[in-house]
Amino acid sequence: MQILKWLGQRKALGTGTALAATVLAAGLLSPTAQASSAQGYVAGSGSVLDDFGDEGTLRRGGTYANSGATGLWQSILYADGFLSVSDIDCQFGPTTEAATKRWQQTYGLTADGVVGPATFGRADVSLYDEGYSGTTLNVKYGGSKRPVYFQRTSQSKYLFRTDPSSSVYYMLTAYYTSTPYGC
């Protein structure tokens, strides 16, 4: 409503989609943080450097606390030395919350243990395009302790491994709505 007032618009939101597109195109707002959670999975397109900043929010006790998206986040924490491989369980519990707070503090963010746009967006800085294998983009997260590798499918879905230190384990989709089998 604030944007509508600011733009001098008080019309019914029947033209909300056109208005939102105009506002976004003008650079007045960025896309909402729930963009990919509405799709049901961690997604990306174009440059990898902006793939995570528009993701849904992960937190202990939250809607997506037990999910593949949490597993992907735990892989990032592992890469930066805040979790061990055995901690990658797709469950956003006290261990992941504490590791997230330490990660946020290290990177100069508010250490609240919540993985929202600022935290996910900060992780974007360490994503690297490693080229394609067929139609799948290989993406490296250059962690401070070790790299971890993700894949971005032609459908924009991010895949991760429950054991990022091994290439033997199969890749799991980073869904928001479910914990993948094997995690």
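My aim in this report is to walk through the structure given alongside it, one point at a time. Only a predicted model underlies this, so the values are computations on that prediction, with no experimental measurement involved.

This paragraph deals with the overall build of the protein. Secondary structure assignment for the protein yields six helices and five strands. Counting helices and strands in the order they occur from the N terminus, the protein gives α-α-α-α-α-α-β-β-β-β-β. When the 183 residues of the protein are sorted by exposure, 42% land in the buried category. In the protein, of all internal contacts separated by at least 6 residues, the share reaching a separation of at least 24 is 47%. As presented, the protein carries roughly 9200 Å² of accessible surface, and 52% of it is formed by carbon and sulfur atoms.

Its twelve residues place the ends of helix 4 (residues 68-79) 17 Å apart at the C-alpha level, agreeing with the 16 Å of an ideal helix rising 1.5 Å per residue. Across the twelve residues that make up helix 4, a large majority, twelve, are buried. Turning to helix 4, its buried residues number three or more, namely Gly68, Ala69, Thr70, Gly71, Leu72, Trp73, Gln74, Ser75, Ile76, Leu77, Tyr78 and Ala79. Looking at the buried residues of helix 4, the elements they touch are helix 5 (94-106), helix 6 (117-124), strand 2 (136-142), strand 3 (147-152), strand 4 (158-160) and strand 5 (172-173). Trailing helix 4 by a residue or two, Gly81 shows a phi angle of about 85°, which is positive.

Further remarks concern the packing of aromatic side chains. The final tally for this structure, using the stated rule, is eight aromatic pairs. A ring pair is formed by Trp73 and Phe120, whose centres lie 5.8 Å apart and whose planes are at 80°; its orientation type is edge-to-face. A residue pair is termed long-range when its members are at least 10 positions apart, and Trp73 in helix 4 and Phe120 in helix 6 qualify at 47 residues. When the ring centre of Tyr41 is taken as origin, the NZ or CZ atom of Lys157, which lies over that ring, is 5.2 Å away.

Two strands pair when backbone bridges link them, and strand 1 (residues 127-133) and strand 2 are joined in this way by five bridges, in the antiparallel orientation. The partner of Ser133 across the bridge, within strand 2, is Thr136.

Position of Asp112 among the secondary structure elements: in the loop between helix 5 and helix 6. What makes Asp112 partly exposed here is its relative accessible area of 39%. With 15 residues separating them along the chain, Asp112 and Glu97 place their C-alpha atoms 8.5 Å apart. Not counting residues up to four positions away in its chain, the partners in contact with Asp112 are Lys101 and Gln104.

What follows deals with the environment of Ser166. Summarising the element assignment, Ser166 is placed in the loop between strand 4 and strand 5. For the pair Ser166 and Tyr149, spaced 17 residues apart in sequence, the C-alpha to C-alpha distance is 10.0 Å.

In this section: the pairing of strand 2. Most of strand 2 sits out of view: five of its seven residues are buried. Taken together, strand 1 and the strand that follows it, strand 2, pair antiparallel across an intervening segment of two residues, in which Gly134 is found at a positive phi of about 70°. For strand 2 and strand 3, the ladder comprises six bridges, and the chain directions are antiparallel. In the strand pairing of strand 3, Leu137 is matched with Arg152.

What counts and how
Residues numbered from 1 in each chain as written. Predicted model: local features only at pLDDT ≥ 70, side-chain atom pairs only at ≥ 80, totals over all residues. Heavy atoms only, no water. Helix = DSSP H or I, 4+ residues; strand = E, 2+ residues; numbered from the N terminus. Buried < 20%, exposed > 50% of the residue type's maximum accessible area, 1.4 Å probe, protein only. Contact = heavy atoms within 4.5 Å. Areas by Shrake-Rupley, 256 points an atom, 1.4 Å probe, with all protein chains shown as cover. Expected span 1.5 Å × (residues − 1). Phe/Tyr/Trp six-rings, centres within 6.5 Å; stacked < 30°, edge-to-face > 60°. Lys NZ or Arg CZ within 6 Å of the ring centre and 35° of its normal. Pairing = 2+ DSSP bridges.

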